[in-house]
Amino acid sequence: MKNTINLVIISIWMAIATISCSKKEELVDKIPAKVDSYYPNSGKAGTLVTIEGQGFSGAITEFSATVAGGAAEVISATPTSVVLRVPKGDKSGGIVLKYGSNSFDVGTYTYQDLSVSKIFPTNGTGGTQLRIDGEGFGSTDKPAEVYVNGKKALVVSVTDKLIVAEIPEDAGYGAVEVRVDGKKSQGQNFTYQVVRSIKPLTGGAGTKVTLMGEGFEKVSSGNIVDFNGKIAVVLESSPEKIVVVAPAGVSTGPLSVNINEQKISGPKFTVVGKPEIGAVSPLSGPKGAEMTISGLLFSKELDENQVFINGKQVAISSSSENQLKLIIPGGTGSGKVRVVVNDQSVEGPQFKDQTLGIRSISPDNGLAGTSVTLLGTGFSTNAAENRVYFNGVLAPVTSASENKLVMEAPQGVATGEVKVIVGGQDALAPQPFRRAGVMTFVGGSGSTVFGNNLAGMAIDAQGNLYVADPENKQVKKVSPTGSVSILQVDGANAVFDYPTGIVVDTQNNIYVSDQRSNQIFKITAAGKRTIHAKGFSPGAMCLDLSGNLYVAVAGFAQGINKVNLAGGYTKVPGPSWVMAKPFVDSQGVLYYSDQNTSSNNGIEIVRPGVTRGERWVGGSDAGYQDGIGTNTYFNGIGGITAGLNNRLIVADNYNYAIREVNMSTREVTTLIKGTNGYVDGTLSTARFGLIKDIVVDKDGNIYLLDVGNKAIRKLFLK
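Basis of the calculations
Residues numbered from 1 in each chain as written. Predicted model: local features only at pLDDT ≥ 70, side-chain atom pairs only at ≥ 80, totals over all residues. Heavy atoms only, no water. Helix = DSSP H or I, 4+ residues; strand = E, 2+ residues; numbered from the N terminus. Rg over C-alpha atoms; globule rule 2.2 N^0.38 Å. Buried < 20%, exposed > 50% of the residue type's maximum accessible area, 1.4 Å probe, protein only. Contact = heavy atoms within 4.5 Å. Areas by Shrake-Rupley, 256 points an atom, 1.4 Å probe, with all protein chains shown as cover. Lys, Arg positive; Asp, Glu negative; His and termini not counted. Charge placed at Lys NZ, Arg CZ, Asp CG, Glu CD. Salt bridge = Lys/Arg side-chain N within 4 Å of Asp/Glu carboxyl O. Domains from an automatic or database assignment. Pairing = 2+ DSSP bridges. Phe/Tyr/Trp six-rings, centres within 6.5 Å; stacked < 30°, edge-to-face > 60°. Lys NZ or Arg CZ within 6 Å of the ring centre and 35° of its normal. Axes fitted to C-alpha atoms, helices over the stretch in contact; angles between N-to-C directions.

Participant: I keep staring at the overall build of the chain and nothing clicks. Help me out?
Facilitator: Helix and strand counts for the chain come out as 2 helices and 73 strands. Taken over C-alpha atoms, the radius of gyration comes to 42 Å for the chain, far larger than the 27 Å a tight globule of 718 residues would show. If one aligns the C-alpha atoms of the chain with their principal axes, the spans along those axes are about 130 × 75 × 60 Å. A total of 718 residues make up the chain; the buried ones form 48% of that total. Taking the contacts inside the chain whose residues are at least 6 apart along the sequence as the reference set, 48% of them involve residues at least 24 apart. Of the roughly 33000 Å² that the chain leaves accessible, carbon and sulfur atoms contribute 50%. For the chain, the centre of its 66 positive side-chain charges and the centre of its 63 negative side-chain charges are spaced 4 Å apart.

Participant: How do you make sense of the pattern of salt bridges when you look at a structure like this?
Facilitator: When the charged atoms of two side chains lie near each other, side chains of opposite charge can form a pair. In the structure shown here, the tally under the stated rule is 23 salt bridges. Put simply, arginine 131 and aspartate 133 hold a salt bridge, and the shortest N to O gap is 3.5 Å. We classify arginine 131 as partly exposed; its relative accessible area is 41%. A salt bridge links lysine 473 to aspartate 497, with the shortest nitrogen-to-oxygen separation between them at 3.7 Å. Of this pair, lysine 473 sits in the loop between β47 (465–469) and β48 (474–478) while aspartate 497 sits in the loop between β51 (492–493) and β52 (499–504), placing them 24 residues apart in sequence. Each of Lys142, Glu145 and Lys152 takes part in a single network of salt bridges with overlapping partners.

Participant: Before we go on, may I ask you to explain the domain arrangement of the chain in this structure?
Facilitator: Split by domain assignment, the chain resolves into domain 1 (34–111), domain 2 (115–192), domain 3 (194–271), domain 4 (276–353), domain 5 (357–435) and domain 6 (439–716). On a C-alpha basis, the centres of domain 3 and domain 5 stand 51 Å from each other.

Participant: Would you take a moment to explain the pairing of strand β37 (residues 371–377) for this structure?
Facilitator: Alternating positions in β37 separate cleanly, Val372, Leu374 and Gly376 being buried on one face and Ser371, Thr373, Leu375 and Thr377 remaining unburied on the opposite face. As paired elements, strand β35 (residues 357–362) and β37 share 5 bridges and run antiparallel to each other. If you follow serine 362 over to β37, its bridge partner there is threonine 373.

Participant: I keep staring at the packing of aromatic side chains and nothing clicks. Help me out?
Facilitator: Aromatic ring pairs are described here by two measures, namely the spacing of the ring centres and the angle between the planes. Scanning the model with the defined rule gives 12 aromatic pairs in all. With a centroid separation of 4.9 Å and 75° between ring planes, the pair formed by tyrosine 591 and tryptophan 616 is classed as edge-to-face. With a gap of 25 residues between them, tyrosine 591 in strand β61 (residues 590–592) and tryptophan 616 in strand β63 (residues 614–618) connect regions that are remote in the sequence. Comparing tyrosine 591 with tryptophan 616, the two get one shared label, buried. Following the ring pairs from residue to residue traces out a cluster consisting of Phe56, Phe63 and Tyr99. Here the basic side chain of arginine 179 rests over the ring of tyrosine 147, its NZ or CZ set 3.7 Å away from the ring centre. Against the face of phenylalanine 521 rests arginine 529, its NZ or CZ located 5.0 Å from the ring centre.

Participant: Would you mind showing me how to read the sheet that holds strand β60 (residues 583–584) here?
Facilitator: Whether parallel or antiparallel, the strands of a sheet pair through hydrogen bonds between backbone atoms. Strand order in this open sheet of 4 strands is β60-β61-β62-β63, and the pairing throughout is antiparallel. Of all the strands in the sheet, the pair left with one neighbour each is β60 and β63. Both β60 and β61 contribute to a ladder of 2 bridges, which runs antiparallel. In the strand pairing of β61, valine 584 is matched with leucine 590.

Participant: Whenever I open this one, the sheet that holds strand β45 (residues 437–443) confuses me. Can you help?
Facilitator: In space, the 4 strands of this open sheet follow the order β45-β73-β72-β71, with antiparallel pairing throughout. Pairing within the sheet leaves two strands with one partner each, and these edge strands are β45 and β71 (691–696). In this sheet, adjacent strand axes meet at a mean angle of 25° when their direction is disregarded. Sheet topology places β71 next to strand β72 (residues 702–706); 5 bridges connect them, and they run antiparallel. Its bridge partner being in β72, aspartate 693 is matched across the sheet by leucine 705.

Here is the structure:
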């Protein structure tokens, strides 16, 4: 009984399996059979003709075919192609393929000597070398011609059984046809492939890139996309479009697509870093207010940028490489501002969804007493109801409207954020206020503290300044509080003939070059004076880390002398006519401006062991331009000194500017550019005269020896 039940169960499962297989076969049969193309369309008896399509079966017995009415042998079959052998005959006619209940009029076959049996490759771009195999290509009348989808190709070489031709541009998709002596024969279809554009052109790892073109594979795995040697993941594909993700480790270089081992080159993809947010203005505000996001590495293509406030995307109204603008939609809630450029994201400051907001602060730098204007929304018209803080220091508002507040930077102002409090709301300015600007430290145009034609300046470790005052034949000492005295020697005022250059070493020994007496004096910290070197007319000078002096020799083409610790000196190879103070770095490289070789408009260097100078930044032509190396311009260099963080500070006289040079990259930037005159104020309003020398204290403040105004000016940058 048990065995009988088991047999019944087995029989049922076998029946189910049979039905299931039957259903699967029915599903296969339901795929519509279709003929897409065939090749060749001519040749002799026995030629193999391939019919391509879909929905076929792999069983040869299900197919039959005729050529011009004669039975043709089917020699192979797959779901996508059928191959038949052309029967004997001499009369051209149609090819008919029968498959099950289907009958297809495939096309015409011509019996002739000319036949195209195979092409390679079957895909590629313009200029691809196409190999065409067949027979009957030779002719004594006219060379064989090749057409791809109706477009004539350049024939490179011909034999009776082989043609090599170049694929024409924009060939499209279609049959390869050979024409010889009035005869025509078509072979396989060729797929023309090209990458016409990619978007975006810039980005980094993880950026989604869309390739537009033609001839791509429908199946994603058939397209291998290469970013300068790195393979990318294909997300989607069609014959006209591929979407990929830039791979990890991507670098700038050409993008290419490899299909069936044929490489198609596309445009260059440039790797850029993540975007950077410099400032967001305002950091709070109501619906309808315009927000400006300043920064770096944004895209000028509007649709390549996205902005989110508190996680909600906000429409962008305009974009450039360093600025995005949008209208605050309201209702976003308070949260971080986030910018996404080509799938690379950066998070910025907090935004408050409220009525109170600061759109701008002007100026954004200055000293105590500087008049500052805030523009924004939600201010009180009652000045007393607006509390404004500069880095925590309250500044009384002197004028108020709903959109504008005016106040003075308070005493004790330091670099930091500016905050406005109105009622229960507070708002921050889009950028901090910098304690920066120019003030007169000592002297001035109407002062008699200094004489005319001040010549040089130095600073010691305690912050005392020393100024060579040749008109008064003295060296003036200026304390950190601005108190002025005369340098003492043996308890009395030190007198010089014509003091010019001055330096202070690490032991607070002071060296003064006395140009007219042809001597360099050394004054110790105890006030004792000795002659350190003599025998030449010394001018501006500097010290190296070993205590050697580098002294510009007064007079045309007299160069620079190196004076050792014992007072002996040798000529430094390279410099010719140096008038401004030079500088020597920790590696012994000498930096100087040469009136003879660069018209005092550039900085040259001499490396240890080298016998000639080389141009470092600037050049012979006067001008004004920041940049890198010799792609920069100065106009009359007045002095060079060491700044903080591996920087050189340069007085650019006739541009009335103080410039900074990154010693690692040779990048020149402007710290302040004024105009001729005498005005203390912000970085944009200050004016000064010709700067004969400059020094930097341990805090990074820059002291300018303003000869035209007989003053020491102090430049604050923080």
